[in-house]
Structure formats: C-alpha cells, structure tokens
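# Understanding the architecture of this molecule
Residues per chain are reported as follows:
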Amino acid sequence: MSDAAPVADRRTIRARWHWGWITPPVLLVALIGGSAIGETNIPISTVLQVLGNKLLGLDYPVGRIDAGIVWEYRLSRTVVAACCGAGLALSGVVLQALLRNALADPYLLGISAGASTGAVAVTVAGVGAGAVTLSVGAFAGAALAFVMVAALARAAGGGTGVRAAGIIVLAGIAGSQLFNAITAFIIAKSANAEQARGIMFWLMGNLSGVRWEDVEVAVPAVVLAVLTCLWHVRALDAFTFGTDSAASLGIAVRRVQVILIGIAALVTAAMVSMVGSIGFVGLVIPHAMRFAVGVRHGRLVPASALAGAVFLVASDVISRTLVPGQVLPIGVITALVGAPAFALILIRGRTTQ
Amino acid sequence: MKLVYSAAFLAANLAVAAPAAHAQNTNYPLTVENCGQSVTFDAAPQSTITVGQSATEILYSLGLADRVVGTSVWFNPVLPDYTEANAQIERIADNDPSFERLVNKNPDLVAVQYEWHVGPSGIVATREQFHDLGIPTYIMPADCDTKDNTTGGDGTRIAAFSTDSVYKGIRELAAIYDVQGAGEDLVTGLKDRETAAIELARSLDLPEGLSAAFWFSSADLEIDPYMAGQKGAPGYIMDKLGIENVVQSDEEWPTVGWETVAKADPTVLVIAEMDRRRFPADDIQKKMEFLKTDPVASQMTAVREGRLVVMDAHAMSVTIRTIFGLETVAEALAGFDFKQ
C-alpha cells in the first residue's frame, strides 16, 4: 500500500518524459514530409534547400516557383493541418470527458452546422455581396450556432450531473438540425448544381486556401487549447467519473465546464472557418489514443494532440497525391483511411481486454 | 390558318436566306434522334420554352424569338443583338425553373441546354415527364454527343467537344422549326468566323510548346480554382489554335491546385469574366488582384509577362459563343510578344 504512491509518481514522470521527447522529432518529420510531398514533384533536396534558405538564412539557388510552392503553399498548409488535427482531437477529448459520451465530437455543439450555414449564406445566398469572405461567414455562423446551443442548454437547465450532460447533447442535436435545415433551404432555394458542388467541396474540408495568415490564427488557438487542457488534466480525469465525483474531489465543476467547453468550441470554430468541417479526427483520435496510452488525461491530452496533428498532415498529403493533378476533399480521406484503422483498433482493443 | 402562317414564314425565309439556295422545307411529321431518344414533331413549334441560355440564344439567332414564350437558366446578359427581343419574353427563372411553371405555359417544345436539367435524374423534371404530357423536349447535342452525363456534377467528356455538335444542334432546330435556310446561314457565318480565327493564329507564327490554362472561378479566392479540362470548349479552342492545355483532366471543370498550375507555368492564362457574383473569384478584378499578389501565382510567366486574356465566361462552355471565345484568344495572341 505504501509503495503505490511513488510508483504512480514515477509513471507520471516517465509519461511526461515520453511525450516531451517524442513530440518535437515527430512533428518535425511530419512538417518536412508535408512540405516535400504534394501535387507536383519537387525533389527533397530542393525542398530542404528552400527550408534552409527561409529558416536558416542560407543562400541556395532555387527556382522562384519551387520556392514559392514549398514555402508559401505547402509549409503553411502543413502547419495549419497539424494545428487543425491537434485542435479537433483535443476538442474531442474534452467533450467526451466532460459529457461522458463516447459519441461526442467537436461538431456536437452545432458548430459545423452553423459554419455551413454561414458559408452557404455568403456564397450561395449572397449575404455580404462579395465583401464578406467565406471564412468570416463560416466563423460567424459557427459562433451563432454555439451561442444558441449553449443558451438552449442553459434554458433547459439541469444543473450538473448526468442530466446536464444529456441536455447539452440534445441541445446540440437540435441546433445542428436547425442549422442543417437552413443550409438545405438556402441551397434548394437559390443554388444550381455547379454552385452546390462548389460549396460541398468546401464543406467536406479543404486546406488548399491556407496561407501564412491562417497560421497566425491556428497556432495560437492550438497552443491555448493544449495549455488549457494540460492545466486541467486532473479535472478532466475527475469528470470521467461524473460531475458529482468531480465536485467531491474539489473541482469547481461549473467553472471548469465553462472554460473547457468554451475553449473546445472556440478552437473548433476557428478551424472550421479556415478549412471546413473535417470529420472523424475529433471523434476517433481520442478513442484510438485511449487504447494506446490509457484513459489518464496526463497522457491522453498530449498523445491525442500529437496523433491528431500527424494524422491530419498525413491525410492532407494523401488527399493531394491520390488522384494526380487533382485534390480531393480531406474529409473524404480522413474517413476512408480512419474508419478501417479505427475498426482495427476496436477489434484489437476487445481481444486484449 | 397554319397554311397561311407557314407561307408567310417561307416568304420571310426566302427574303433573309437568299444565299442558302439548297435549303429545304421540312416534311412533317419530323422525327429527330436527340440524346438517346426519338422526338417527333407534327408541325413547327409555335410556343417554346427554353431551359439554358445557349438554347435561347440559338433560337434568337435563327430569327425565332417570336416562337419563344419563356426562358430560364441565365448566366450572362443576352447577346447584344437580341436585347430588345429578349426584353419582350417572360423570364421564368434566372436559374432552374420549376416543372409546373413550365408546363403551365403550355409549351409545344422545351429546348434545353444541359441534359442534367431534364435527363434521367433531371432537376427540373425527366424528359418522360414532359413527354407524358405530350410536350416534346430537345437537348442541345453539344451537351450529350461526346459526353457522359451520368457521372454527376458537370459531367465528363468521353471524347473531345467540337463545334460540329453546335452546328448539328443549329441544323436540327432549324429543321424542327422549318427554317433551314436561316440555319444554314447561321452555320456558314459561324464557320467563317471560326476559320478566320484559326487562320489568324496560324499567321502569327506562334512559338513551339505554347501552353495555356483557363480559369473559370474558385469557391474561395485562394482555394483550388476551377480550371478547364482537356475536352470541353476551352480544350477545343486550345486545340484549334495549337496551344497545349496544362490541365490534364477530362472533367469539364476539375479543381486543380495552384501548385499544379504554377509548376506547369503556362505561357498564357485565360480568365473568365462574368456577371455572376456568387464567389468572390467571380469578379474579374478579384481574380487579377489574386494573380498579382499571391506569392506563387504572381511568379508564373503568364502573369509576369502580362499574358492574361479576359474571356466571356459563357464562351468557355459549349455554345455558339465558343466560336467568339476562339476569336478572343486568337486576337489576344496577336497582341502578345513571345520573344522573351
């Protein structure tokens, strides 16, 4: 009995060591891979020369178009893909823990439905008359939907406990249905097929419009999310046993709920408005990581963030290279690659238990 | 009554269509094989409804504006010659019309530009629904002759488009309306313009390996643009003028990354101008601004050398305007300096 505490401590320390050492090299490889592989064939030596010129101030002679493609298009895109993957995976971790619902994902709170409505309102219905960009419309829609869902959940009351979690889920479903219906209405009313196809392409997730300005939004959002989650790992652990247990462990239930759900919503809205709603990552990466590193959030939070980042960078590379000369929606790839992979994890998880 | 009417029309045709001496009169009932279906006409249609601007404009060009009672699916303003005539005719819808609105006008022909409006999964209705009500339909052959419309979206060209299918559509419509003289005149006029444009390009002694890309629009400015594939109207224009398309796809309007376009570095970039304002990139000014400011697109040779051609968006689809597009590109090439 007296041995238990030191063993647990050592384990925690080893776990910290673990991800602290693993994360930088894995991220570096992912970023270089994302910059090196793309629609067109640029030799890896050229890619490294461009990165050397830009990052280390070296002076290799490289073609201006190659340099532009690697630095302006691919690297910025890869960084944002990594941020999106990490952000969505963390939102999934937070919502699954807080709502104690295995099916919770970042879009549960009506955010992607609201973003779709905002995007469609701008591009199809012509709100803003060409002055408002698709991203701004999507963010506004996402924010509006979340506020409505939160207000509904609050109005429906339920205080804390299982009932409150259930009410948030139900409010999210109601909000999503409402905004999906508005989207369908706008498309049916005023879009022709070509227009609807253009917007569907975006709704399925698309990273091709990403530039360095987006990095300036994505990186701070994800850093904020990671730090907030790491700060609250104990609370997240406590919530998995229910709000009552969390309260009895001295967690300020209401405050933690507001902060964490707010952060999850903010990060998701930021990502959706930049790249559309990429499915699967936020739902499945947290589950996959629970199988891999266990349910303790001290490990689950960094592991999910890293796995989400790498998964989305890899999916983006595949989406750019699977059909030569054409880019597929990344949401299609995340589901195509992710669903079988997750099925394997589920089956293996069952046999080892 | 009918006799008087067609006699009057015959006289009008003879007056207008003097050069086309070989033009015949149509013997009704006339059966036309059209996009996989047989359509029979007992007499020339008197009240037509059009679905698609191209079908509308071909009827106007045949001098049949007085037989059109309603139009729909517009992309651009009507050709300047027909502004007045068009103003007299009810515009049923800017985009897709509803089946009941069409049927309610009691047309004796529905002339259609795109098969997906009335095809097997037609968004207006299926051809059978019209035929069940005794309303014949005619789809412009340009949209089905060399094209597989079952692939969804804008469809896929199975063989390269050629203006022959546009001429075929003009001739068939001319036969249906018994205005074959006007049909021949229209075809001859268009063919002359086509030949002249090709001759002009040939006389320019253009450099070897001249390449181009046609940018229609983009869902968002920085996102992958819709670029013309190999086999549609732009493919035809490039083929006729001896230009290579940097986009390899056979899709009508595939999305192609700027990375691919920039890397292929086309000699000339053709940009669509349209009145549509759905996406920011529909605006030609926004397109130009993007090309000048994007860190990679601005490095393309065509942009640096100012070899940008502005073209009517409707000329990039398979219509009589394709031939005007051919002229636009040929004339633009004449103004460019390829020495650098």
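For the structure, check the block above.
All figures in this text were calculated on a predicted structure; none of them were measured in a lab.

Another aspect to go through is the overall build of chain A. Summing up its helical and strand segments, chain A has 14 helices and zero strands in all. In sequence order, chain A lays out its α and β elements as α-α-α-α-α-α-α-α-α-α-α-α-α-α. Taking all 353 residues of chain A together, the buried fraction comes to 52%. When the accessible area of chain A is evaluated, it comes to approximately 15900 Å², of which 69% is carbon and sulfur surface.

For the rest of this paragraph, the subject is the state of the cysteines. Throughout the structure, instances matching the rule amount to one disulfide over all chains. What pairs with C35 of chain B in a disulfide is C144 of chain B, and their sulfur atoms sit 1.8 Å apart. Between C35 of chain B and C144 of chain B the sulfur-sulfur dihedral comes to about -70 degrees; the bridge is accordingly left-handed. With C35 of chain B in the loop between β1 (30-34) and β2 (37-41) and C144 of chain B in the loop between β7 (137-139) and β8 (147-148), this pair connects stretches of sequence that are 109 residues apart. Each member of the pair, C35 of chain B as well as C144 of chain B, is classed as buried. Take C83 of chain A: it sits in no disulfide, and the sulfur closest to it among the cysteines is that of C84 of chain A, at 7.2 Å. Relative accessible area serves as the criterion here: at 8%, C83 of chain A is assigned to the buried category. Of all cysteine sulfurs, the one in C83 of chain A lies closest to C229 of chain A, which takes part in no disulfide; the gap is 14 Å.

It is worth spelling out the environment of F214 of chain B at this point. Residues and elements named next belong to chain B. Here F214 lies in strand β10 (residues 211-218). Considered as a pair, F214 and M238 are 24 residues apart in the sequence and their alpha carbons are 9.7 Å apart. Residues within four places of F214 in sequence aside, it is in contact with Y226, M227, A228, P234, I237, M238, W253, V270, M311, M316 and V329.

This part covers the pattern of salt bridges. Scanning the model with the defined rule gives 17 salt bridges over all chains in all. Linking R321 of chain B and E57 of chain B is a salt bridge whose minimum nitrogen-to-oxygen distance equals 2.6 Å. Here the residue R321 of chain B occupies a position in helix α13 (residues 321-335), and E57 of chain B occupies one in helix α2 (residues 53-61), the gap between them amounting to 264 residues. Given the relative accessible area of 5%, R321 of chain B is considered buried. A residue is classified by how much of its surface remains accessible, and E57 of chain B, at 1% relative accessible area, is buried. The salt bridge involving R91 of chain B is made with D94 of chain B; its shortest N-O contact spans 3.2 Å. Taking the relative accessible area as the measure of exposure, R91 of chain B reaches 37% and is therefore partly exposed. Overall, D94 of chain B belongs to the partly exposed group, its relative accessible area being 46%. Overlapping salt bridges, with partners in common, bring together R77, D316 and R320 of chain A in one network.

For the rest of this paragraph, the subject is helix α9 (residues 233-241) of chain B. All names here are of chain B. Judged by how many residues are buried, α9 sits mostly within the fold: seven of nine residues are covered. Of all the residues in α9, the buried ones are A233, P234, G235, Y236, I237, M238 and L241. Where α9 is buried, its residues meet α7 (163-176), α8 (180-203), β10, β12 (244-245), β14 (308-312) and α13. Positive phi appears at G242, one or two residues downstream of α9, with a value of about 75 degrees.

What follows is about the sheet that holds strand β4 (residues 68-72) of chain B. The strands that make up a sheet pair up through hydrogen bonds in the backbone, lying either parallel or antiparallel. Residues and elements named next belong to chain B. Taken together, the five strands give an open sheet; going across it, the order is β5-β4-β3-β6-β7, and neighbouring strands pair in parallel fashion. Only two strands of the sheet have a single partner each, and these edge strands are β5 (91-93) and β7. The mean angle between the axes of side-by-side strands here comes to 20 degrees, regardless of whether they run parallel or antiparallel. Alignment of strand β3 (residues 48-51) against strand β6 (residues 109-112), held across four bridges, turns out to be parallel. If you follow T48 over to β6, its bridge partner there is L109. Of the strands in this sheet, β6 and β7 touch α7, which is tilted by about 160 degrees from β7.

A few words now on the nonpolar core. Across soluble globular proteins, nonpolar side chains have a tendency to be buried as a group. By size, the foremost hydrophobic cluster in this structure holds 111 residues, and its most contacted members are V80 and M271 of chain A together with W258, L291 and M300 of chain B. In terms of residue count, the dominant contributor to this core is helix α3 (residues 64-99) of chain A (23 residues). Once residues within four sequence positions are removed from consideration, V80 of chain A is found in contact with L207, V210, D214, V215, A218, M274 and V275 of chain A. V78, F161, A175 and Y236 of chain B belong to the second-largest nonpolar core, a separate cluster that totals 41 residues.

Residue and element names in this part refer to chain B. For the peptide bond that leads from Y28 to P29, omega is 0 degrees, which places it in the cis range. Relative to the assigned elements, P29 resides in the loop between α1 (2-16) and β1. Phi at V73 takes a positive value of approximately 55 degrees, unusual for a residue other than glycine.

About the criteria used
Residues numbered from 1 in each chain as written. Chains lettered and ligands numbered in written order. Predicted model: local features only at pLDDT ≥ 70, side-chain atom pairs only at ≥ 80, totals over all residues. Heavy atoms only, no water. Helix = DSSP H or I, 4+ residues; strand = E, 2+ residues; numbered from the N terminus. Buried < 20%, exposed > 50% of the residue type's maximum accessible area, 1.4 Å probe, protein only. Areas by Shrake-Rupley, 256 points an atom, 1.4 Å probe, with all protein chains shown as cover. Disulfide = S-S within 2.5 Å. Contact = heavy atoms within 4.5 Å. Salt bridge = Lys/Arg side-chain N within 4 Å of Asp/Glu carboxyl O. Pairing = 2+ DSSP bridges. Axes fitted to C-alpha atoms, helices over the stretch in contact; angles between N-to-C directions. Core = buried A, V, L, I, M, F, W, Y, C linked by side-chain atoms within 4.5 Å.

Remember that the coordinates give geometry; whether it matters functionally is a separate question.
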